[in-house]
Amino acid sequence: MEKEIDEKLQGQSLVLEHKPENTKKLYIESYGCAMNFSDSEIVASILTNEGYNTTQILEEADLVLVNTCSIRDKAEQTVRKRLEKYNAVKRTNPRMKVGVLGCMAERLKDQFLEQEKIVDMVVGPDAYKDLPNLLREVEEGRDAINVILSKEETYGDIAPVRLMSNGVTAFVSITRGCDNMCTFCVVPFTRGRERSREPQSIIAEIQDLSDRGFKEITLLGQNVDSYLWYGGGLKKDFDKASEMQIATAVKFEHLLELVATTFPKMRIRFSTSNPQDMHEEVLHVIAKYPNVCNHIHLPVQSGSDRILKAMNRLHTREEYMRLIDRIKAIIPDVCITQDMIAGFPTETEEDHQDTLSLMEYVKYSFGYMYAYSERPGTLAGRKMEDDVPETTKLRRLQEIVDAQRIHSGFRTQEFLGKTVEVLVEKTSKKSDNDLSGRNSQSIVVVFPKEHYKIGDFVNVKITNCTSGTLIGEAVGYSEMN
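Everything numeric here is computed off the predicted structure, so don't read it as measured data. (Residues numbered from 1 in each chain as written. Predicted model: local features only at pLDDT ≥ 70, side-chain atom pairs only at ≥ 80, totals over all residues. Heavy atoms only, no water.)

## Considerations on the overall build of the protein chain
Move 1: Helices and strands together make up the secondary structure of the protein chain, namely 16 helices and 22 strands.
Move 2: For a compact globule of 481 residues, the expected C-alpha radius of gyration is about 23 Å, and the protein chain comes in at 22 Å, within 12% of that figure.
Move 3: For the protein chain, the spread of C-alpha atoms along the three principal axes comes to 65 × 55 × 55 Å.
Move 4: Classification of the 481 residues of the protein chain by burial places 59% in the buried group.
Move 5: The long-range fraction of contacts in the protein chain, counting pairs at least 24 apart against all pairs at least 6 apart in sequence, stands at 72%.
Move 6: Carbon together with sulfur atoms contributes 50% to the accessible area of the protein chain, which is approximately 20,000 Å² in total.
Move 7: Averaged over its 62 positive side-chain charges, the protein chain has a centre that lies 2 Å from the centre of its 74 negative ones. (Helix = DSSP H or I, 4+ residues; strand = E, 2+ residues; numbered from the N terminus. Rg over C-alpha atoms; globule rule 2.2 N^0.38 Å. Buried < 20%, exposed > 50% of the residue type's maximum accessible area, 1.4 Å probe, protein only. Contact = heavy atoms within 4.5 Å. Areas by Shrake-Rupley, 256 points an atom, 1.4 Å probe, with all protein chains shown as cover. Lys, Arg positive; Asp, Glu negative; His and termini not counted. Charge placed at Lys NZ, Arg CZ, Asp CG, Glu CD.)

Encoded structure:
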């Protein structure tokens, strides 16, 4: 999930409706994954009750917060450049305070506060409820820090504000943390162990969104397939629960079906899945309910068994391919997307060719592809030499990108002549006369505006395509309206 919505969220400053009685101004930016964006909505909600209205003007802010990502070195460098910008503005605005939230906050807390002294406040992903206390520390001239990881916190009792919302789509967090100790990933260290949110609080949040006219929600988690509610507690403690708790446990397939049946006029997506945790029962729920989207983001990272083992991915190439076959058998018109890492330590040319051959087998609709970036604190960072030359990494990455471009074009061409249901999300970037939305497979569709508007479900006949976009003509409203 860390990569799936990265481009959409990169550097967004977020704004919500003002409360007239609030006198202080908050400027907040999010970088990285959808979970960070969701967390920023929680933070804004908490600070609204502390007298803050948000602003898009950095220079007028009393408090500047950046919600950070540590998944790759590039993401951290981007945040550092933003901190330099904040501090330059801060020199002309003495009342301004600067804080770092999220994964970088947990990982680089001492460096930010003590060594570099570039922020006033450092707050980890599980400590946002402590923001009022931390702000008082800052106001009294002291550095403020709370990066303690929680075994229980899910923010299920916080009603998130909807920041920069189109009023159509929204994120709903269902799990936090991750128990899959992939050797390249910092998430278990920055977000802690897996814990799941109480189902009724999820339903209540979606009901509120439905009442306000939202048409689509995305259930979020580092690993949504591991969702497990048995009365509270960590997933790893499930076997110690009482027989009654185990018998009545709500797993992801149960939650997905509950949401689908409770909100039949709302479209449902989820992200992100891990291959070793995806069960067939989830696939049957997707196939059964038309409002559950036919899109599965299924990161694989490599097509080589040797590299998968070095990554501690807990699945083999063959197991992944069998899962792909099963998904396509149960959901024939499914869209499958990927995450891929080029140049992991010790990766050979043969390993790289295994990745390319796996991509050829699956023919993903689209993907998120990166050169390996060593992350301090991970097992790979501590124990494995980053021994693939940068030029080799970039060449292999380009070959992966080139293959994906071909496969994306193949997948979009499959829609030519077909009619798809599109949820209109915005006006097209290229023309005010066109609307843009996504079909069930999460592929962008553009069509003439005519009398349709944002928030409509529209049936669109596809007449043309690029490798990333479907182009068509509206043929009427869909039954979801």
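From this point, the discussion proceeds with the structure in view.
## Looking at the nonpolar core
In summary, soluble globular proteins display a tendency toward joint burial of nonpolar side chains.
Move 1: Ranked by size, the top nonpolar core spans 53 residues in total, and within it L219, L256, F270 and I296 carry the most contacts.
Move 2: It is helix α13 (residues 317-330) that contributes the most residues to this core, 6 residues altogether.
Move 3: Residues contacting L256, with those up to four places away along its chain left out, are L219, I268, F270, V282, V285, I286 and V292.
Move 4: Grouped together as the second largest cluster of nonpolar side chains are 22 residues, L83, Y86, I118 and V119 included. (Core = buried A, V, L, I, M, F, W, Y, C linked by side-chain atoms within 4.5 Å.)

## So, the environment of D157
Move 1: Residue position: D157 is located in the loop between β7 (144-146) and β8 (169-173).
Move 2: On the basis of relative accessibility, which here comes to 58%, the residue D157 falls in the exposed class.
Move 3: Here the alpha-carbon distance between D157 and V122, two residues 35 residues apart in the chain, equals 23 Å.

## Considerations on unusual backbone geometry
Move 1: The amide bond that connects S271 to the next residue, T272, takes the cis arrangement and shows omega of 10°.
Move 2: Among the secondary structure elements, T272 is positioned in the loop between β14 (267-271) and α11 (280-288).
Move 3: Even without glycine at this site, N312 takes up a positive phi of about 60°.
Move 4: Of the residues examined, N312 reaches a relative accessible area of 29% and is grouped as partly exposed.

## Thoughts on the pairing of strand β20 (residues 444-448)
Move 1: Two strands pair when backbone bridges link them, and strand β19 (residues 434-438) and β20 are joined in this way by 5 bridges, in the antiparallel orientation. Bridge pairing in β20 places G437 opposite V445.
Move 2: The pairing of β20 with strand β22 (residues 469-477) spans 3 bridges and is classified as parallel. Bridge pairing in β22 places V446 opposite I471. (Pairing = 2+ DSSP bridges.)

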